[in-house]
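Per-entry structural report
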Amino acid sequence: MTVLMVLVGGAVGAPLRYLTDLLVQARHDSVFPWGTFTVNVLGSLVLGVAAGSVVALSPPSWVLALVGTGLCGAFTTFSTFGFETIRLIEEGSWSIALVNSVASLAVGLGVCAGAYAAAVAVLG
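Residues numbered from 1 in each chain as written. Predicted model: local features only at pLDDT ≥ 70, side-chain atom pairs only at ≥ 80, totals over all residues. Heavy atoms only, no water.

**Focus on the layout of surface pockets**
The space that makes up the largest pocket amounts to roughly 300 Å³. Elements represented by at least two residues in the lining of the largest pocket include exactly helix 2 (34–57), helix 3 (61–75), helix 4 (78–90) and helix 5 (94–123). Top contributing element to the lining of the largest pocket by residue count: helix 5, with five residues. Its residues assigned to classes, the lining of the largest pocket comprises six nonpolar, nine polar and no charged. (1 Å grid on protein atoms, 1.4 Å probe; cavity = no way out; pocket = protein on both sides within 12 Å on 5 of 7 lines; lining within 4 Å. Points joined across faces, edges and corners; volume = space filled by probe spheres on them. Helix = DSSP H or I, 4+ residues; strand = E, 2+ residues; numbered from the N terminus. Nonpolar A, V, L, I, M, F, W, Y, C, P; charged D, E, K, R; others polar.)

**Overview of helix 5**
Spanning 30 residues, helix 5 covers 43 Å between terminal C-alpha atoms, matching the ideal 44 Å at 1.5 Å per step. Looking only at helix 5, the buried set comprises A97, N100, S104, G108, A115 and A119. Contact partners of the buried residues in helix 5: helix 2 and helix 4. (Expected span 1.5 Å × (residues − 1). Buried < 20%, exposed > 50% of the residue type's maximum accessible area, 1.4 Å probe, protein only. Contact = heavy atoms within 4.5 Å.)

**With respect to the pattern of salt bridges**
Throughout the structure, instances matching the rule amount to one salt bridge. Among the ionic pairs, E91 bridges to R87, the shortest N-O distance being 3.5 Å. (Salt bridge = Lys/Arg side-chain N within 4 Å of Asp/Glu carboxyl O.)

Here it is, written out as structure tokens:
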């Protein structure tokens, strides 16, 4: 059952990532990878809410497998973040690469922690 939930979540998360990235990046005329940044921050938010909800509500284990491992795992992308950061460095955009790295880590962790704490506070 758990593997099936991961598959279902991934089947939803992967196309959502692709479409979100396209939609966001098309609206920005910038070398900054806004699409990848957006999916990673949104994924951090969803994972924080999901993990906090699991702590507060104790749902079946497959819920976190569906949302956390499947959906968020397929929706977010560390590999693309790394590739795009290296590409920025190779193109000489060191400052943008640094901003991308620091902002992705700081905002992603902050959003995840805040969403987790909010979910526990509201639901617990």
